[in-house]
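What follows is the residue order along each chain.
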Amino acid sequence: MEVDSQKQPQRKQSSYLSLDENFEIQKEVYRGQQYSQIYFARLHMMRTLLYSLVPNWKSHLPVCTVLGLEEGKECIIVGTLYKHMKLKPCILDEYSKERSVTPLVKPHNFMHQDDYLVLEDESGRVKLGGTMLSPSVYVTGVVVALHGKETTAGDFFVEDVLEAGLPPQIERLLKSREDKYVVFVSGLSIGSSCSNPLQFQLLVDHITGHLGDEEEQGLAAEIVRLVIAGNSVEISRGLLNGQNLASKDQSRLSEPIKELDILLTQIAASLPLDIMPGSSDPANFSLPQQPLNRCLFPGSATYNTFRSCNNPHCFELDNIRFLGTSGQNIDDLAKYSEAENKLDILERTLRWRHLAPTAPNTLGCYPFTDRDPFLIDSCPHVYFVGNQEKYETRMLEGLEGQLVRLICIPRFCETGVAVMLNIRNLECHTLTFGTQISS
């Protein structure tokens, strides 16, 4: 029987541009350098930006350095914040003779009511006072401009704060008014005890158009890209103990990656996909994580639709700019600050114009010497973060009309939830896959 080819839905196409070169470590050479240089590069870039914003903020006030402060004289200082935290873990405490036996009340968060902020620049540092700058919101590594004056105690009393704010955004130039979708998924954790192979297979079958009726297949044909935001596999820690592995253990080590490759091959045969490394994947630990080696994927890497990408990952689809991470930066900020939800933390990183302000203080990163790759120069239209507890989203609007879709992508192995985004209007919804049969 002949199949009518006209009734077969054709997958829509979109123009793709990778913007990951900023996160690539190619010509960098490690010569034993420390992390001070990345802080100097960050301060230099952010201070230039904040200086340009000061005339529109408080043009009547002089700008001083920390060393140039005078008691009682109002001024503006620009520098990097450092948060002194009583509960912050310290490696030296493990070797201390007088170990504290008091357990942490909240091991997932290291905030304490006695925490305070310090501002430092090249000339010195000063303790900050007042209620305008909350230690629960800010973290070490954020660069700000502060209006205030030095007190008799030698502190700087803060009266107002200027953040960099959302960066400029490229205009959304839509080539057409048709619906096109990007699917986000993270935390597949293939190889872990919570992983359900059937659940991921259902997702694969759905987005490749092998499930549902003609209407469902027509919707699947509108999916132009799949983005996998980290933690695709989970390798047993017991196997990674530094000892030589027996042959049966070697196969156990590679089994999750082989299983992932089989599933990715089915996807790559049907539509383009980006895979980002995460904290549990076989990639470098420190940010920016480099792409997973293509030799791990002998099946899917043969397709030109397969892309192994960096974490963080930045790209454009039909002139819509996407920026996202596999979650390490947001999870670390959640340990050292407080927020009602993760979306608030995403919003803060955009207003600070920095993806990972806690790197390198509490988040591992490469010791760059002449640049800070995590600075956000251009405002994305979509800002996503993977491996979160639950799905959350909202639209953020900037002072200059910037519109950003914030998305928290839940761990798929625990929730069975993927996220679909329509790049025509930046609306998004969830795809939920379950394999339990209700009685």
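In case you missed it, the structure is sitting above this.
The present account deals with the structure reproduced in this document. Computed from a prediction, not measured in an experiment: that's the story for all the values here. (Residues numbered from 1 in each chain as written. Predicted model: local features only at pLDDT ≥ 70, side-chain atom pairs only at ≥ 80, totals over all residues. Heavy atoms only, no water.)

Some remarks on the overall build of the protein
Phase 1: Scanning the protein from terminus to terminus reveals 7 helices and 18 strands.
Phase 2: Within the span of the protein, comprising 439 residues, buried residues form 49% of the whole.
Phase 3: Long-range contacts, defined here as pairs at least 24 residues apart, represent 74% of the contacts in the protein between residues at least 6 apart.
Phase 4: Accessible surface, the protein as shown: approximately 21,700 Å² in total, 50% of it carbon and sulfur. (Helix = DSSP H or I, 4+ residues; strand = E, 2+ residues; numbered from the N terminus. Buried < 20%, exposed > 50% of the residue type's maximum accessible area, 1.4 Å probe, protein only. Contact = heavy atoms within 4.5 Å. Areas by Shrake-Rupley, 256 points an atom, 1.4 Å probe, with all protein chains shown as cover.)

Thoughts on the nonpolar core
Phase 1: Ranked by size, the top nonpolar core spans 54 residues in total, and within it Ile77, Leu119, Leu128, Tyr138, Leu146, Phe156 and Tyr383 carry the most contacts.
Phase 2: Excluding its chain neighbours within four sequence positions, the residues that come into contact with leucine 128 are Leu81, Leu117, Val118, Leu119, Leu133, Leu146, Phe156 and Val158. (Core = buried A, V, L, I, M, F, W, Y, C linked by side-chain atoms within 4.5 Å.)

Here we look at the side chain of threonine 358
Phase 1: Among the structural elements, threonine 358 can be located in the loop between helix H6 (342-351) and strand E14 (382-388).
Phase 2: Looking at threonine 358, the relative accessible area reads 2%, which means it is buried.
Phase 3: A polar atom in the side chain of threonine 358 sits 2.7 Å from the side chain of aspartate 332.
Phase 4: Once you skip the residues sitting within four places of it in the chain, threonine 358 turns out to touch Val139, Thr140, Asp332, Leu333 and Leu363. (Polar contact = N/O pair within 3.5 Å; in protein donor to acceptor, adjacent residues only side chain to side chain.)

Things to note about the sheet that holds strand E12 (residues 313-317)
Phase 1: The sheet built from 6 strands is open, its strands ordered E1-E12-E13-E14-E16-E15 with mixed pairing. Of all strands in the sheet, those with a lone pairing partner are strand E1 (16-18) and strand E15 (392-397), marking the two edges. Mean inter-strand twist for the sheet, computed between neighbouring axes without regard to direction, equals 20°.
Phase 2: Summarising the sheet, E15 and strand E16 (residues 403-410) pair through 6 bridges and their orientation is antiparallel. Residue methionine 395 lies in a different strand from E16, and its bridge partner there is arginine 405.
Phase 3: Most of the contacts of helix H5 (residues 328-336) go to E14, to which it runs at about 70°, and overall it touches strand E13 (320-325) and E14. (Pairing = 2+ DSSP bridges. Axes fitted to C-alpha atoms, helices over the stretch in contact; angles between N-to-C directions.)

Here we look at the pairing of strand E18 (residues 427-432)
Phase 1: For strand E17 (residues 417-422) and E18, the ladder comprises 6 bridges, and the chain directions are antiparallel. The partner of valine 417 across the bridge, within E18, is threonine 432.
Phase 2: Joining the antiparallel neighbours E17 and E18 is a turn of 4 residues, in which leucine 426 adopts a positive phi near 60°.

Description of the environment of threonine 131
Phase 1: Here threonine 131 is to be found in the loop between strand E5 (125-129) and strand E6 (143-150).
Phase 2: Threonine 131 sits 28 residues away from glutamate 159 along the chain, and the two C-alpha atoms are 8.2 Å apart.

Side note on the pairing of strand E8 (residues 181-185)
Every regular strand shows the same layout, with side chains that alternate between the two sheet faces.
Phase 1: Most of E8 sits out of view: 5 of its 5 residues are buried.
Phase 2: The two faces of E8 match: Tyr181, Val183 and Val185 on one face and Val182 and Phe184 on the other face are all buried.
Phase 3: Relative to strand E9 (residues 223-229), E8 is paired through 5 bridges, and the arrangement is parallel. Counted as the bridge partner of valine 182 is arginine 225 from E9.
Phase 4: Here 4 bridges tie E8 to E17, and the two strands are oriented antiparallel to one another. Within E17, the residue paired with valine 183 across the bridge is methionine 420.

Here's the deal with H5
Phase 1: With respect to burial, H5 is a largely interior element, 7 of its 9 residues being buried.
Phase 2: For H5, the full list of buried residues reads Gln328, Asn329, Ile330, Asp332, Leu333, Ala334 and Tyr336.
Phase 3: Where H5 is buried, its residues contact strand E3 (75-84), E13, H6 and E14.

So, the sheet that holds E9
Phase 1: The strand order across the open sheet formed by 6 strands is E11-E10-E9-E8-E17-E18, and the pairing between neighbours is mixed. The open sheet is flanked by strand E11 (306-308) and E18, the only strands paired with a single partner. The average undirected angle you get between the axes of adjacent strands in this sheet is 20°.

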